[in-house]
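Geometric and topological summary
Residues per chain are reported as follows:
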Amino acid sequence: TQLLEQSPQFLSIQEGENLTVYCNSSSVFSSLQWYRQEPGEGPVLLVTVVTGGEVKKLKRLTFQFGDARKDSSLHITAAQPGDTGLYLCAGALMSGGSNYKLTFGKGTLLTVNP
Amino acid sequence: NAGVTQTPKFRVLKTGQSMTLLCAQDMNHEYMYWYRQDPGMGLRLIHYSVGEGTTAKGEVPDGYNVSRLKKQNFLLGLESAAPSQTSVYFCASSYFSPWANEKLFFGSGTQLSVL
């Protein structure tokens, strides 16, 4: 069972279009991170959202954490070919003690065509 | 800064062979992790370490062993490689636990094929 479901799995759009990708779960997360991974490289952190309802902007990228801290979305305005990559969400689960638990979704592979 | 460095970048093994993947970080991070990434499966945690001399199992630890003898290095060993271990392996590090909203720094990966 996948704890974090990302959708869509694949997305191919033209330069200049807008898009939204989603990260959903039935679990409550203490925080959620979004990473972007380019071919042949490791993931690189884009943003961390912590508070329910929080919205963060990074240039043309807007990240939102759901009010109940169970879901998140990434919206890209006027996509550029440089936005091409695998977008991964990762949630830190609320749990007691010092147990580490960071769960990744399977990712959304975005291709922006010139 | 080099950040997180993984060696080797590519490796082909025959079933039953052993090998060690090396991860080195120069950021004085306490936490280090080994993930594997497979198509359609996402990133899955193999083992992790919360400090020098410590190791702990992640989601998919079977068939792997790890050691953290020095704070800056985290080694992943395959004692008897199997085709199911064909994957891209990523090492990551962080200063605090991701539980504390700390970001992970990833290496560029090792592509391993087991024939």
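Here, the structure is the one placed above.
Let me sum up the structure you'll find in this document. Note that this is a predicted model, so its numbers are computed, not measured.

Moving on: the sheet that holds strand β3 (residues 19-24) of chain A. All names here are of chain A. Taken in spatial order, the five strands make up an open sheet running β1-β3-β8-β7-β6, and their pairing is antiparallel. Two strands close off the open sheet at either side, each with one partner strand: β1 (5-7) and β6 (55-58). Across this sheet, the average inter-strand angle for adjacent strands is 15°, counted without regard to direction. With six bridges joining them, β3 and strand β8 (residues 71-76) adopt antiparallel strand pairing. The residue bridging T20 from the neighbouring strand is H75, located in β8.

Take the environment of T103(A) next. Residue and element names in this part refer to chain A. Locating T103 in the fold gives a position in strand β10 (residues 102-104). With 99 residues separating them in the primary sequence, T103 and L4 have C-alpha atoms 7.3 Å apart. Contacts of T103, omitting those with residues within four sequence positions, involve L3, L4, C89, A90 and G91.

What follows covers the pattern of salt bridges. Residue and element names in this part refer to chain A. Applying the stated criterion across every chain, the model contains five salt bridges over all chains. A salt bridge links E54 to K56; the nearest nitrogen and oxygen atoms lie 3.8 Å apart. According to the relative accessible area criterion, K56 is partly exposed, its value standing at 32%.

In this section: the interface of chain B and chain A. Counting from both sides, the interface comprises 20 residues of chain B and, opposite them, 23 residues of chain A. On inspection of chain B and its partner chain A, the count reaches zero salt bridges. At the junction of chain B and chain A, the tally comes to four residue pairs in polar contact (both at pLDDT 80 or more). Sorting the residues of the side of chain B that touches chain A by element identifies β4 (31-38) and β5 (42-49) of chain B as the ones contributing at least two each. Each residue belonging to the side of chain B that touches chain A can be placed in one class, and the counts come to eleven nonpolar, seven polar and two charged.

The rules behind each value
- Counting of residues starts from 1 at the beginning of each chain's written sequence and follows it residue by residue.
- As they are written, the chains are lettered A onward and the ligands numbered 1 onward, keeping that order.
- For a predicted model such as this one, the threshold for reporting local features is a pLDDT of at least 70, and the threshold for listing and counting side-chain atom pairs is 80 or more; totals across whole chains, interfaces and linings nevertheless cover every residue.
- In computing side-chain values, all of the structure's heavy atoms are included and hydrogens and water are not.
- Strands are treated as partners if at least two bridges between them are detected by DSSP.
- Helix and strand definitions follow DSSP, with helices as H or I runs of at least four residues and strands as E runs of at least two, each counted in order from the N terminus.
- Lines fitted to the C-alpha atoms define the axes, with helices restricted to the stretch that makes contact. Angles between their N-to-C directions range from 0 to 180 degrees.
- In this analysis, two residues are considered to be in contact whenever any of their non-hydrogen atoms come within 4.5 Å of each other.
- For salt bridges, the criterion is a side-chain nitrogen of Lys or Arg within 4 Å of an Asp or Glu carboxyl oxygen.
- Classification of residues uses two cut-offs on accessible area relative to the type maximum, computed with a 1.4 Å probe and protein chains only: under 20% is buried, over 50% is exposed, and between them is partly exposed.
- Here a polar contact means two N or O atoms within 3.5 Å. Within protein one must be a hydrogen donor candidate and the other an acceptor candidate, and residues neighboring in sequence count only if both atoms are side-chain atoms.
- All amino acids are sorted into three groups, where Ala, Val, Leu, Ile, Met, Phe, Trp, Tyr, Cys and Pro are nonpolar, Asp, Glu, Lys and Arg are charged, and the leftover types, Gly among them, are polar.

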